[in-house]
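In case you want the letters, here they are:
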Amino acid sequence: MVSRIRAAVMCPGRMETKLFDYPEPKEGEMTVKMHMSGVCGSDKHQFDGHLKVDFPVIPGHENVGEVFEETKTASSKMEVHAECLYKGDRILWYPDISCGTCYYCRFLGTWHSAQCENPFTYGYVNCEKEEFRPWTFGGWSEYILLRPGTRVWRIPDEMEDEVAVLLDTLASTRAIARAQMPYPNQKEGFGYGDTVVIQGAGPVGLMAAIRAKVLGADKVIMIGAPDWRLKVAEEFGVDITVGLETFDTGEQRIAEVKRLTKGIGADLVADCTGIPSAFPEAVEMTRKSGYVVEIGAYTDYGPIPFNPWRLVDRDLTVIGQFYCPPMQYEADLKLLKNTMDRFPYKKMLTHKVPLDRAVDAIDAHRALKSMKAAITPS
Ligand SMILES: [Zn+2]
Ligand SMILES: [Zn+2]
């Protein structure tokens, strides 16, 4: 019998391990024993107080665990393929439960549920307020309670936790696929044989590079730092790397991309950096009528000078992306499974950190010492 459990509790600039009561599932709910929970760039923004969050929270939205205690309805209603779940099944789940009543939920439907105005999001739930009892709704915890309406996937047997925990990062690069519309073969939209520049050598940049390759990019150029991350990226099939340690000004980086593309620019440039000045650079690196994808600006760093004329003059399409819809998980779980032989995914997970040292994982992320880190609660 488990009675008390440990969880990491975050306030801006502060993290401590606290004890909670074991979350006994009521009918329709399910308790999951956590195996692993990814450390996302947004967790760092949260810790630094740069995201609007109702603190204190138990972080952790990139979750992998096993069914520990199910109830009849949860067992039959949570899995997205309408399959039953049983104790011991390894699972992962989409972090949002959409409200079902806001404009985006009602008018645009589930494909847009990342845009829900009032979602319940694992990893972002206040863990003191009465209405959120029993509070264990973040993955940096030994156990987590899943509420009705959670979309759950069973993890394929051949996929280890270390790969499954990367799903959310991959899913958050879906805008590369959105840039395929409408007619890539007529050179409208990103397509086979194209040259792609990825700005940023972190986990999101790496996943964006993988998606570009899988969708048929001929040449992927990655701009980033530090050099060790670029070396890892080469193991994932990135063709050319441009290190910030050598090319340390925007002008140099733009000139280098132009040189590598016979003076034309890339067909698609994806900003995965989280540094605002990367966007105007992306615009200058893109060929006329090309595509710029903005994934990295996940928190509001404030405005930067930008000349909109550059978009018109170069006839560019810009795609901004906020997270992903739930069924991106379905597609990308298959993508991960089907490319496990092609990409050495496990090498991406450089740090596994116990609960008590969760803050170390955030520090490693900030200091660019990790590629991807995960908390291992049990
Ligand atoms: Zn995330
Ligand atoms: Zn909604």
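Here the structure is shown first, and the text comes after it.
Keep in mind the model is a prediction, meaning the values are calculated, not measured. Each chain has its residues counted from 1, following the order in which its sequence is written. As a convention, the first chain written is A and the first ligand written is 1, with the rest following in written order. Totals for whole chains, interfaces and linings use every residue, but because this is a predicted model, local features are given only for residues with pLDDT of at least 70 and side-chain atom pairs only at 80 or more, for both listing and counting. Computation of side-chain values covers all heavy atoms of the structure but excludes hydrogens and water.

1. Thoughts on the overall build of the protein
Phase 1: Counting its secondary structure elements, the protein contains 13 helices and 17 strands.
Phase 2: In this treatment the radius of gyration is a C-alpha quantity, and the globule benchmark scales as 2.2 Å times the residue count to the 0.38 power. For 378 residues, the compact-globule formula gives about 21 Å, and the C-alpha radius of gyration of the protein, at 21 Å, lands near that figure.
Phase 3: Its C-alpha atoms give the protein principal-axis dimensions of about 65 × 40 × 40 Å.
Phase 4: Within the protein, buried positions represent 57% of all 378 residues.
Phase 5: A sequence separation of at least 24 residues applies to 71% of the contacts in the protein between residues at least 6 apart.
Phase 6: For the protein, the computed accessible surface area is about 16,300 Å², with 53% contributed by carbon and sulfur atoms.
Phase 7: In this count, Lys and Arg are taken as positive residues and Asp and Glu as negative ones, while His and the chain termini are left out. Taken as the charge centre is NZ of Lys, CZ of Arg, CG of Asp or CD of Glu, depending on the residue. For the protein, the centre of its 44 positive side-chain charges and the centre of its 52 negative side-chain charges are spaced 2 Å apart. Secondary structure is summarised from DSSP: a helix means a run of H or I of at least four residues, a strand means a run of E of at least two, and numbering begins at the N terminus for each. Partly exposed describes any residue whose relative accessible area lies between the buried limit of under 20% and the exposed limit of over 50%, with all areas from a 1.4 Å probe on protein chains only and scaled to the type maximum. The contact criterion used is simple: two residues touch if any of their non-hydrogen atoms lie within 4.5 Å. Each accessible area is a Shrake-Rupley estimate made with a 1.4 Å probe; only the visible protein chains count as cover when residues are assessed.

2. Side note on the coordination of the zinc ion (ligand 1)
Phase 1: A donor here means an N, O or S atom no more than 2.8 Å from the metal, or no more than 3.2 Å when the metal is Na, K or Ca. Since water is not included, a site may seem to lack partners. Taken together, Cys40 (SG), His61 (NE2) and Glu62 (OE) make up the protein donors of the zinc ion (ligand 1), found 2.1 to 2.4 Å from the metal.
Phase 2: Mapping the donors of the zinc ion (ligand 1) onto the primary sequence gives the spacing C-x20-H-E.
Phase 3: Judged by its relative accessible area of 3%, Glu62 is buried.

3. Points about helix H8 (residues 227-235)
Phase 1: Along H8, the residues classified as buried are Arg229, Leu230, Val232 and Ala233. An end-on view of H8 places all buried positions within 155° of arc, on one side of the element.
Phase 2: The inward-facing, buried residues of H8 contact helix H7 (203-214), strand E11 (219-224) and strand E12 (240-243).
Phase 3: After H8 finishes, the residue Gly237 shows a positive phi value of roughly 95°. Our arc is simply the arc of the directions from the helix axis toward the C-beta atoms.

4. Structural notes on the pattern of salt bridges
When the charged atoms of two side chains lie near each other, side chains of opposite charge can form a pair.
Phase 1: Salt bridge criterion: a side-chain nitrogen from Lys or Arg within 4 Å of a carboxyl oxygen from Asp or Glu. Overall, the coordinates contain 26 salt bridges when judged by the stated rule.
Phase 2: For Arg366, the salt bridge identified is with Asp363, shortest N-O distance 3.3 Å. Here Arg366 pairs with Asp363, and both are found in helix H13 (residues 358-366), just three residues apart, close to one helical turn.
Phase 3: Of the residues examined, Asp363 reaches a relative accessible area of 37% and is grouped as partly exposed.
Phase 4: Through salt bridges that share partners, Arg6, Glu142 and Asp356 make up one connected network.

5. Side note on the sheet that holds E12
Phase 1: Two strands qualify as a pair provided that DSSP identifies no fewer than 2 bridges between them. Taken in spatial order, the six strands of this open sheet run E12-E11-E10-E13-E14-E15, and their pairing is parallel. Both outer strands of the open sheet, E12 and strand E15 (317-320), are each paired with one neighbouring strand and no more. This sheet shows a mean twist of 15° between the axes of neighbouring strands, independent of strand direction.
Phase 2: Summarising the sheet, strand E10 (residues 195-199) and E11 pair through five bridges and their orientation is parallel. Looking at E11, one finds that Ile198 is bridged to Met222.
Phase 3: Lines fitted to the C-alpha atoms define the axes, with helices restricted to the stretch that makes contact. Angles between their N-to-C directions range from 0 to 180 degrees. With respect to the sheet, H8 is in contact with E11 and E12, its orientation differing from that of E12 by roughly 175°.
Phase 4: Strands E10, E11, E12 and strand E13 (266-271) of the sheet are contacted by helix H9 (residues 250-260), whose axis makes an angle of about 165° with E11.

6. Considerations on helix H12 (residues 327-338)
Phase 1: What a helix is expected to span follows from its residue count: subtract one and scale by 1.5 Å. The end-to-end C-alpha distance of H12 is 17 Å, a good match for the 16 Å that twelve residues give at a rise of 1.5 Å each.
Phase 2: If you check which residues of H12 are buried, you get Gln328, Tyr329, Glu330, Asp332, Leu333, Leu335 and Leu336.
Phase 3: Along its buried surface, H12 packs onto strand E5 (90-93), strand E9 (152-154), helix H4 (161-164), helix H5 (167-171) and H7.

7. A short note on the coordination of the zinc ion (ligand 2)
Phase 1: Within the protein, the atoms that donate to the zinc ion (ligand 2) are Cys99 (SG), Cys102 (SG), Cys105 (SG) and Cys116 (SG), at distances of 2.3 to 2.4 Å.
Phase 2: Every angle between 85 and 135 degrees makes a four-donor site tetrahedral, while opposite donors more than 155 degrees apart, with all other angles between 65 and 115, make a four-donor site square planar and a six-donor site octahedral; other sites are irregular. Coordination at the zinc ion (ligand 2) is tetrahedral, judged from the four donor atoms that bind it and the angles of 102 to 119° they form at the metal.

8. Structural notes on a nonpolar patch on the surface
Phase 1: Surface patches are defined over residues having more than 30% relative accessible area and no salt bridge, joining like charges when they lie within 9 Å and nonpolar side chains (Val, Leu, Ile, Met, Phe, Trp, Tyr) when within 5 Å. A cluster of nonpolar side chains, contributed by Tyr103, Phe107 and Leu108, occupies part of the molecular surface with about 330 Å² of accessible area.
Phase 2: Assignment of secondary structure puts Tyr103 in helix H3 (residues 103-108).
Phase 3: Classification of Tyr103 as partly exposed rests on a relative accessible area of 45%.

9. Digging into the side chain of Glu79
Phase 1: With respect to the secondary-structure elements, Glu79 resides in the loop between helix H2 (72-77) and E5.
Phase 2: One buried charge, Glu79, has no salt-bridge partner; the nearest side chain with opposite charge is Arg154, at 5.1 Å.
Phase 3: Any N or O atom pair separated by 3.5 Å or less is treated as a polar contact, with the protein-specific requirement of one donor-capable and one acceptor-capable atom, and with residues adjacent in sequence counted only for side-chain atom pairs. Within polar-contact distance, the side chain of Glu79 engages the backbone nitrogen of Glu83 at 3.3 Å.
Phase 4: If sequence neighbours within four positions are ignored, Glu79 has contacts with Leu85, Val152, Trp153 and Arg154.

10. Concerning the environment of Asn63
Phase 1: Residue position: Asn63 is located in strand E4 (residues 63-70).
Phase 2: Taking C-alpha positions, Asn63 is 6.7 Å from Gly38, a pair spaced 25 residues apart along the chain.
Phase 3: If we ignore the near neighbours within four places in the chain, the residues touching Asn63 are Met34, Met36, Ser37, Ile91, Leu92, Trp93, Tyr122, Gly139 and Ile144.
Phase 4: At 2.6 Å, the side chain of Asn63 and the side chain of Ser37 are in polar contact.

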